[in-house]
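Inside the fold
The residues making up each chain are set out below.
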Amino acid sequence: MAGNFVRVMGWKVTAAGIPAIKIIAGDEKWLAGDGDAGAVLEAPSALELTRGMTGRRSVEQLRAWSWSEDPATYLPHLSVFEPRTQVLEEW
């Protein structure tokens, strides 16, 4: 499921004219966007990536993931829905 959301992010990244981003979640890897990756995001898991990409994580929570670069360039394009304004703890 995460791969479908990564595909949408890839369209958004390409439309914004920013470099692609390599996304790693456990054993799964994707490239969102066209060309060489300008950054790498390591999400805690594919499930967490899906939650983050569907607005179930706040920007604060998304920033806490492992980014090779400042995530400010990519955060506006990560979620298909608006990110939460407050932290959501589900566990």
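A brief report on the enclosed structure follows. (Residues numbered from 1 in each chain as written. Predicted model: local features only at pLDDT ≥ 70, side-chain atom pairs only at ≥ 80, totals over all residues. Heavy atoms only, no water.)

Turning to the overall build of the chain, a few remarks are in order. Helices and strands together make up the secondary structure of the chain, namely four helices and four strands. Each helix and strand of the chain, placed in order from N terminus to C terminus, yields the pattern α-β-β-β-α-α-β-α. Over its C-alpha trace the chain gives a radius of gyration of 12 Å, about what one expects of a compact globule, namely 12 Å for 91 residues. Taken over 91 residues, the chain has a buried fraction of 43%. Pairs at least 24 apart in sequence give 52% of the contacts found in the chain among residues at least 6 apart. (Helix = DSSP H or I, 4+ residues; strand = E, 2+ residues; numbered from the N terminus. Rg over C-alpha atoms; globule rule 2.2 N^0.38 Å. Buried < 20%, exposed > 50% of the residue type's maximum accessible area, 1.4 Å probe, protein only. Contact = heavy atoms within 4.5 Å.)

Taking 1.5 Å of rise per residue, 15 residues should cover 21 Å, and helix α1 (residues 2-16) covers 21 Å from first to last C-alpha, within 8% of that figure. Among the residues making up α1, those that are buried are Ala2, Gly3, Phe5, Val6, Met9, Gly10 and Val13. An end-on view of α1 places all buried positions within 150° of arc, on one side of the element. Opposite its buried face, α1 presents the exposed residues Trp11 and Ala15, each directed more than 90 degrees away. Close packing links the buried residues of α1 with β1 (20-25), β2 (28-32), α2 (46-53) and α4 (75-78). Downstream of α1 by a residue or two, Gly17 has a phi angle that is positive, lying close to 75°. (Expected span 1.5 Å × (residues − 1). Arc of directions from axis to C-beta.)

What follows covers the sheet that holds β2. In space, the four strands of this open sheet follow the order β2-β1-β3-β4, with mixed pairing throughout. Edge positions in the open sheet fall to β2 and β4 (66-67), since each of these has one partner strand only. Where β1 lies against strand β3 (residues 37-43), six bridges are found, and the strand directions are parallel. Residue pairing in the sheet places Ile24 in a bridge with Glu42 of β3. Against the sheet, α1 contacts β1 and β2, and its axis sits at roughly 20° relative to β2. Against the sheet, α2 engages β1, β2 and β3, with an angle of about 130° to β1. (Pairing = 2+ DSSP bridges. Axes fitted to C-alpha atoms, helices over the stretch in contact; angles between N-to-C directions.)

On to α2. In terms of residue burial, α2 counts as a mostly covered element, since six of its eight residues are buried. Looking at α2, one finds that the buried residues are Glu48, Leu49, Thr50, Arg51, Gly52 and Met53. Those residues of α2 that are buried are in contact with α1, β1, β2, β3, α3 (59-63) and α4. Looking one or two residues past α2, Gly55 carries a phi angle of roughly 80°, positive in sign.

On to the pairing of β2. Bridge analysis of β1 against β2 gives five bridges, and the strand direction is antiparallel. What sits directly across from Ile24, in β2, is Lys29. In textbook terms, the turn of a hairpin is the stretch between consecutive antiparallel strands, and for β1 and β2 this stretch comprises two residues, one of which, Gly26, has a positive phi near 65°.

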